[in-house]
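# Architecture at a glance
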Amino acid sequence: GENVEQHPSTLSVQEGDSAVIKCTYSDSASNYFPWYKQELGKGPQLIIDIRSNVGEKKDQRIAVTLNKTAKHFSLHITETQPEDSAVYFCAGGVDYGGATNKLIFGTGTLLAVQP
Amino acid sequence: NAGVTQTPKFQVLKTGQSMTLQCAQDMNHNSMYWYRQDPGMGLRLIYYSASEGTTDKGEVPNGYNVSRLNKREFSLRLESAAPSQTSVYFCASSTNNYGYTFGSGTRLTVV
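Residues numbered from 1 in each chain as written. Chains lettered and ligands numbered in written order. Predicted model: local features only at pLDDT ≥ 70, side-chain atom pairs only at ≥ 80, totals over all residues. Heavy atoms only, no water.

## Considering the nonpolar core
One finds Trp35, Phe73, Leu75, Ile77, Tyr88 and Leu111 of chain A to be the most contacted residues of the largest nonpolar core, which totals 23 residues. Secondary structure elements with two or more residues in this core: β2 (10–14), β3 (19–25), β4 (32–38), β5 (45–51), β7 (62–67), β8 (72–77), β9 (86–92) and β11 (109–114) of chain A. Ranked by the residues each element gives to this core, the list is headed by β3 of chain A, at four residues. Contact partners of Leu75 of chain A, with chain neighbours within four places excluded, come to Ala19, Val20, Ile21, Trp35, Ile47, Ile48, Ala63 and Tyr88 of chain A. Among the nonpolar cores identified, the runner-up in size contains 19 residues, and Leu13, Cys23, Val66 and Leu76 of chain B belong to it. (Core = buried A, V, L, I, M, F, W, Y, C linked by side-chain atoms within 4.5 Å. Buried < 20%, exposed > 50% of the residue type's maximum accessible area, 1.4 Å probe, protein only. Helix = DSSP H or I, 4+ residues; strand = E, 2+ residues; numbered from the N terminus. Contact = heavy atoms within 4.5 Å.)

## Considering the interface of chain A and chain B
Counting residues at the interface gives 21 residues for chain A, matched by 21 residues for chain B. Between chain A and chain B the total buried area reaches about 1700 Å² when both faces are included, carbon and sulfur atoms providing 56% of it. Viewed at the interface, chain B and chain A are joined by zero salt bridges. When residues of the side of chain A that touches chain B are traced back to their parent elements, those giving at least two are β4, β5 and β10 (104–105) of chain A. Broken down by element, the side of chain A that touches chain B gets its largest block of residues, three residues, from β4 of chain A. A breakdown of the residues in the side of chain A that touches chain B according to their chemical character gives nine nonpolar, eight polar and four charged. (Buried area = accessible area lost by both parts, 1.4 Å probe. Salt bridge = Lys/Arg side-chain N within 4 Å of Asp/Glu carboxyl O. Nonpolar A, V, L, I, M, F, W, Y, C, P; charged D, E, K, R; others polar.)

## Let's talk about the pairing of β2 of chain A
All names here are of chain A. Here β2 shows a clear split, with Leu11 and Val13 buried on one side and none of Thr10, Ser12 and Gln14 buried on the other. In terms of strand pairing, β2 meets β11 through five bridges, oriented parallel. Across the sheet, Leu11 pairs through a bridge with Leu111, a residue of β11. (Pairing = 2+ DSSP bridges.)

The following block contains the structure:
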């Protein structure tokens, strides 16, 4: 089955700096890679996702890159702000285009943005 | 605009007691999931339901049972709670895997 590893487990940056979180996956069949942000006391929320037919996707200050050959994908946050402080999870799974897919999550990265 | 609703939000059980965690979604999603979240372990899939009437085991199903009551509701049952089941439980739903919507979680403590 799929195994997703995530690094680092904690990350502290200064406000305005960039943050990068990396994940690797094991199942070459996986083709869907979402990222979730979890604020304290809340459930995870989808912030961006990427499919294996795309190498990079951007949404304002966040971007995700995917390297299928190396089986790794990364989340990039630029111009970090204190409200970016949260736990971020990567996940991987297979999108059969209609059938369900169970996502396997990484262990999470606690991002702290210091003002 | 409720999304995924989980009840209760907090629960304390004694070892050996049973309880059911409730989950309901109002987005007409086909698939529903139960995850548990433990420090340093991320989110681990307990059970999932691809569609009404079907359920399948995830990564950590032992000690749990589920029921997909209808398209909206997916419950998780602990028949005989153990301290190892102390965790935060999240229900999620999705349609064709286009992103999960999570509930706000149930924090369960087994003493």
